[in-house]
Amino acid sequence: MNAPPSLLVNEVRTPNHWVAFRMIGTKSNRDAIGARIRVKAGSRTLIDEVRSGSSFDSNNDMRVHFGLGTAARIDWVEVRWPTGLLEKFDNIKVDGVRTIQEGSGSTATSESKKHR
């Protein structure tokens, strides 16, 4: 308050990788709240959900972030949308924010379902 603004920049360099997803629902709710995302990267399977959380006079980022460690590639991404549709996405690049729209993936096969 009553001071010049400050800008904090994280300049730490790391060999680790990450990916974040911005989800867009078409048949589900527009923000895809409740969508469950599974990411297979190397020997790890990571799971998270799109959540809407806020407190008084604030709001949280609804993008879903995954730290991939040293994994330089993603094997597959599977999304269960709030409508129940299960889709699989391949060829997702790491180290960036990716947008996934409901209905743009392939319907999950029994092969990806056995990884549950």
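Please refer to the structure higher up on the page.
Residues numbered from 1 in each chain as written. Predicted model: local features only at pLDDT ≥ 70, side-chain atom pairs only at ≥ 80, totals over all residues. Heavy atoms only, no water.

### Notes on the sheet that holds strand 3 (residues 44-49)
Next, step 1: The five strands are arranged 3-2-5-6-8 in an open sheet whose pairing can be described as antiparallel. Among the strands making up the open sheet, the edge pair consists of strand 3 and strand 8 (106-107).
Next, step 2: Across six bridges, strand 2 (residues 36-41) lies against strand 3 in antiparallel orientation. Counterpart to alanine 41 in the pairing with strand 3 is arginine 44. (Pairing = 2+ DSSP bridges. Helix = DSSP H or I, 4+ residues; strand = E, 2+ residues; numbered from the N terminus.)

### Considering the pairing of strand 5 (residues 76-80)
Next, step 1: Along strand 5, four of the five residues are buried, which leaves the element largely enclosed by surrounding structure.
Next, step 2: Bridging between strand 2 and strand 5 involves five bridges; their strand directions are antiparallel. For arginine 38, the partnering residue across the bridge sits in strand 5 and is glutamate 78.
Next, step 3: Of the strand pairs in this sheet, strand 5 and strand 6 (residues 86-89) are connected by four bridges, and their pairing is antiparallel. Paired with valine 77 across the bridge in strand 6 is phenylalanine 89. (Buried < 20%, exposed > 50% of the residue type's maximum accessible area, 1.4 Å probe, protein only.)

### Some points on the pairing of strand 1 (residues 17-24)
Next, step 1: In terms of burial, strand 1 is a largely internal element, six of the eight residues being buried.
Next, step 2: With five bridges connecting them, strand 1 and strand 4 (residues 64-69) associate as antiparallel partners. Bridging across to strand 4, tryptophan 18 finds its partner in glycine 67.

### A look at the pattern of salt bridges
Next, step 1: Taken as a whole, this structure holds four salt bridges when the rule is applied.
Next, step 2: We note a salt bridge from arginine 73 to aspartate 75, for which the minimum N-O separation is 2.6 Å. (Salt bridge = Lys/Arg side-chain N within 4 Å of Asp/Glu carboxyl O.)

### With respect to the sheet that holds strand 4
Next, step 1: Taken together, the three strands give an open sheet; going across it, the order is 4-1-7, and neighbouring strands pair in mixed fashion. Edge positions in the sheet fall to strand 4 and strand 7 (97-101), since each of these pairs with one other strand and no more. Between one strand axis and the next, the sheet turns by 25° as a mean value, whatever way the strands run.
Next, step 2: With five bridges connecting them, strand 1 and strand 7 associate as parallel partners. Each bridged residue has a counterpart across the sheet, and for methionine 23 the counterpart in strand 7 is isoleucine 100. (Axes fitted to C-alpha atoms, helices over the stretch in contact; angles between N-to-C directions.)

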